[in-house]
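Descriptive structure summary
The residues making up each chain are set out below.
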Amino acid sequence: ALLSTIETNAFNGSGLGPSTRGEMPKSSPSVKTVNIGKDMDLSILVPPESFNRQWLVDEVPGTRITTKDGGGDVVWPSSFALAKLIAHCPFLVDDKSILELGCGLGLPSLAALLHANPSHVALSDRDAKVLALAYKSSTQLNRARASVSRSSMDWNEKETWPRQDFDLLIGSDVLYEKASILPLVSVLKYYLGGDDSLGKRALFVDPVSRLNRAAFTYAAFKQGLEVEEERFPGMDEFVLLTVTSTC
């Protein structure tokens, strides 16, 4: 298993939700500091509505808080968990070209850029406004260690997919809608398949409470992809999915 040798104590003791500092915003995005571990602070741009919901309303671990316009402009618990994993286990992303699918505010990518050494990080989301905030967080608020790009990517529209090779795809809570399974599998087949698939993989953090993993695993299998599921270290509310090509 990918995480069989990882110590879990690095993930314990700090709670599941992000801790932040700063004044409450009024009508424009504000900068918030998210702590993902000892001496590991990430500065992100947060829309006012998501601040009100995410940091003033208690959240049940493994769920998400949605807004009337969608869920991308909040820091989902699984996104926070993936960011912690990357920051504490940088070998997962070191020297790799990374594509984050459905990045939202881009916390996992930011963790990779600040606490690991990827060769490139590509942010992607179909919500252009949220994507713009994630890109600014990565390129203006923080000193990234690698180049950063962004794509307004719709899994159902292949012409929007970034035309470059990636070693690693990452995502958090990407299986919450059953209708997204087949488009997501198509994306994975595109980037992980082919003659140069050796060593390429996708890492997804999924809340245990989600019900679509079995359907996703079967759909992936039919397209020549293997999904390995394992317990997330130190956070029983999540599982880690590793996707590789069998072709």
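Residues numbered from 1 in each chain as written. Predicted model: local features only at pLDDT ≥ 70, side-chain atom pairs only at ≥ 80, totals over all residues. Heavy atoms only, no water.

Notes on the nonpolar core
A general feature of soluble globular proteins is that nonpolar side chains tend to end up buried together. One finds Ile36, Ile44, Val93, Leu107 and Phe232 to be the most contacted residues of the largest nonpolar core, which totals 44 residues. Among the elements that take part in this core, helix α2 (residues 77-88) stands out by supplying seven residues, more than any other. The contact partners of Ile36, leaving out residues within four places of it in the chain, are Leu42, Phe80, Ala83, Lys84, Ala87, His88, Ala111 and His115. Among the nonpolar cores identified, the runner-up in size contains 27 residues, and Leu101, Ala122, Val187 and Leu225 belong to it. (Core = buried A, V, L, I, M, F, W, Y, C linked by side-chain atoms within 4.5 Å. Buried < 20%, exposed > 50% of the residue type's maximum accessible area, 1.4 Å probe, protein only. Helix = DSSP H or I, 4+ residues; strand = E, 2+ residues; numbered from the N terminus. Contact = heavy atoms within 4.5 Å.)

Here we look at the side chain of Ser172
Residue position: Ser172 is located in strand β6 (residues 168-172). Residues contacting Ser172, with those up to four places away along its chain left out, are Trp76, Ser78, Ser79, Leu82 and Val205.

A look at helix α6 (residues 213-222)
What α6 keeps buried is the set Arg213, Phe216, Ala219 and Ala220. Across the axial projection of α6, the buried residues extend over an arc of 130°, all falling on one side. Turned more than 90 degrees away from the buried face of α6 sit Ala214, Tyr218, Phe221 and Lys222, all of them exposed. Among the structural elements, α5 (181-192), β7 (201-207), β8 (225-231) and β9 (238-245) are those in contact with the buried residues of α6. A positive phi of about 80° marks Gly224, the residue just after α6. (Arc of directions from axis to C-beta.)

Description of helix α4 (residues 128-141)
Under the 1.5 Å per step criterion, the end-to-end length of α4 is 19 Å for 14 residues, consistent within 8% with the ideal 20 Å. Among all positions in α4, only Val130, Leu131, Leu133, Ala134, Ser137 and Ser138 are buried. Buried residues along α4 cover an arc of 160° about the axis, so they all sit on one side. For α4, the exposed residues set more than 90 degrees away from the buried face come down to Lys129 and Gln140. Those residues of α4 that are buried are in contact with β2 (40-46), α3 (107-115), β4 (120-124) and β5 (147-151). Two or three places before Lys129, at the opening of α4, Asp127 has a side-chain oxygen 3.1 Å from that residue's backbone nitrogen. (Expected span 1.5 Å × (residues − 1). Polar contact = N/O pair within 3.5 Å; in protein donor to acceptor, adjacent residues only side chain to side chain.)

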